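Here is how the chains run, residue by residue.
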Amino acid sequence: TQALVLAQCVMTANIVLDTLYHEFYQPFRVPATVTLRFIELAQDVPFGNPYSNTPGLIQIFDGAGPPSGNLPLLTQAVFGSNFGSAQWTSHVDFDQSITLVAGREYGLLLRTAHQYRFRARVLTGAESSDFANSIGTLIGRTSSSGAWAPIPDRALSMRIIGTPAGIVDAPSPPLVPGVRF
C-alpha cells in the first residue's frame, strides 16, 4: 500500500472566517509532486440549520486565480455539515484523480453558500519563507457573481493529503539461499 503524505497544510486555525462570504479562494503550491487523495478543512461549529440540505463545494483549479473561465477546473467534491462540533472535516470523493505538480500554482475554491463556517490562520508576518512562497493571498466574495476581494492577513486552515507521485507498490524480492547482507 502507498503511504499518505501531508502535501500542504495551514494547521493553525485561530480565527473563524466571516459568514458574510459565499466563497473563498486559497492559492497554494505543493513542495513535492503528489496524487491528490483528499483535503481536510477546519470547519467551525455550524450556525443556523446544522442539517442544511445545501452541500458545500471544494474545487481545485490550475492557477492562482481568482477562478474564472480562464482557469481550468481540475477536480471537485461536495461536503456537508459537521453536525455541531468544530473539527477537521473532509468531503466525499473527488470526481476525478489529479496530480499536483511541485512548485506549480493551484487554487482551492471553497463554496460555503453562507451555510458553513470555517477557520483560518491569522498571518503575523513572521511566517517562514517556505510558507510565504507556498500559500497565496486568501480572497473571498459575498455572492457567486460578486467581485473577489483580498481577505488580509488570513490563510484558510487546510490539509492537502496525497500519495507521492511515481511511487508504486512492488513485491518484496525473493530470498536467495546463501546470500546475506
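Residues numbered from 1 in each chain as written. Predicted model: local features only at pLDDT ≥ 70, side-chain atom pairs only at ≥ 80, totals over all residues. Heavy atoms only, no water.

1. What to know about the overall build of the protein chain
Here's step 1: Helix and strand content of the protein chain: one helix and 14 strands.
Here's step 2: Evaluated residue by residue, the protein chain yields a buried proportion of 41% over its 181 residues.
Here's step 3: In the protein chain, 80% of the contacts between residues at least 6 apart in sequence involve partners at least 24 apart.
Here's step 4: Taken as a whole, the protein chain presents about 9,600 Å² of accessible surface, with 54% of it coming from carbon and sulfur. (Helix = DSSP H or I, 4+ residues; strand = E, 2+ residues; numbered from the N terminus. Buried < 20%, exposed > 50% of the residue type's maximum accessible area, 1.4 Å probe, protein only. Contact = heavy atoms within 4.5 Å. Areas by Shrake-Rupley, 256 points an atom, 1.4 Å probe, with all protein chains shown as cover.)

2. Regarding the environment of Thr54
Here's step 1: Inspection of the secondary structure puts Thr54 in the loop between strand E4 (34-43) and strand E5 (56-62).
Here's step 2: Residue Thr54 is classed as partly exposed on the basis of its relative accessible area, which comes to 35%.
Here's step 3: Residues Thr54 and Gln115, spaced 61 residues apart in sequence, show a C-alpha to C-alpha distance of 7.4 Å.
Here's step 4: In contact with Thr54, other than residues within four places in its own chain, are Ala113, Gln115 and Tyr116.

3. Some points on the sheet that holds strand E3 (residues 23-28)
Here's step 1: Taking strand neighbours across the sheet as the criterion, the six strands line up as E6-E5-E9-E3-E11-E12 in an open arrangement whose pairing is antiparallel. Every other strand in the sheet has two partners, leaving strand E6 (73-79) and strand E12 (149-150) as the edge strands with one partner each.
Here's step 2: Where strand E11 (residues 139-141) lies against E12, two bridges are found, and the strand directions are antiparallel. Paired with Gly140 across the strands is Ala149, a residue of E12. (Pairing = 2+ DSSP bridges.)

4. Looking at the packing of aromatic side chains
Here's step 1: For the structure shown, the criterion picks out six aromatic pairs.
Here's step 2: Considering the side-chain rings of Phe79 and Phe118, the 5.5 Å spacing of their centres and the 90 degrees angle between planes classify their relative orientation as edge-to-face. Remark: Phe118 occurs in the loop between strand E9 (106-111) and strand E10 (119-122) and Phe79 occurs in strand E6; sequence separation between them is 39 residues.
Here's step 3: We classify Phe118 as buried; its relative accessible area is 2%.
Here's step 4: Geometry around Phe131 places Arg121 over its ring, the cationic atom sitting 4.7 Å from the centre. (Phe/Tyr/Trp six-rings, centres within 6.5 Å; stacked < 30°, edge-to-face > 60°. Lys NZ or Arg CZ within 6 Å of the ring centre and 35° of its normal.)

5. Section: the pattern of salt bridges
Note on pairing: side chains with opposite charge can pair once their charged atoms come close.
Here's step 1: Going through the model one piece at a time under the given rule, you end up with eight salt bridges.
Here's step 2: One salt bridge connects Arg111 with Glu23, and the closest N-O pair in it is separated by 2.5 Å. On the criterion of sequence distance, the pair formed by Arg111 in strand E9 and Glu23 in strand E3 is long-range, its members being 88 residues apart.
Here's step 3: The class of Arg111 is partly exposed, set by a relative accessible area of 25%.
Here's step 4: Classification of Glu23 by relative accessible area gives buried; the value is 0%.
Here's step 5: In this structure, the salt-bridge partner of Glu23 is Arg141, at a minimum N-O distance of 2.6 Å. Taken together, the positions of Glu23 in strand E3 and Arg141 in strand E11 put the pair 118 residues apart, joining distant regions of the chain.
Here's step 6: Residue classification places Arg141 among the buried positions, given a relative accessible area of 13%.
Here's step 7: Each of Glu23, Arg111 and Arg141 takes part in one network of salt bridges that share partners. (Salt bridge = Lys/Arg side-chain N within 4 Å of Asp/Glu carboxyl O.)

6. Structural notes on the nonpolar core
Here's step 1: In terms of nonpolar packing, the biggest core is built from 33 residues, with Phe28, Ile39, Ile60, Leu100, Leu108 and Leu110 touching the most fellow members.
Here's step 2: In terms of residue count, E4 provides more of this core than any other element does, four residues in total.
Here's step 3: Each residue touching Ile60, except ones within four places of it in the same chain, is listed here: Phe28, Leu36, Ile39, Pro72, Leu73, Leu74, Thr75, Ile98, Leu100, Gly107 and Leu108.
Here's step 4: Core analysis: the second largest hydrophobic core is formed by six residues, Tyr25, Phe61, Leu71 and Trp148 among them. (Core = buried A, V, L, I, M, F, W, Y, C linked by side-chain atoms within 4.5 Å.)

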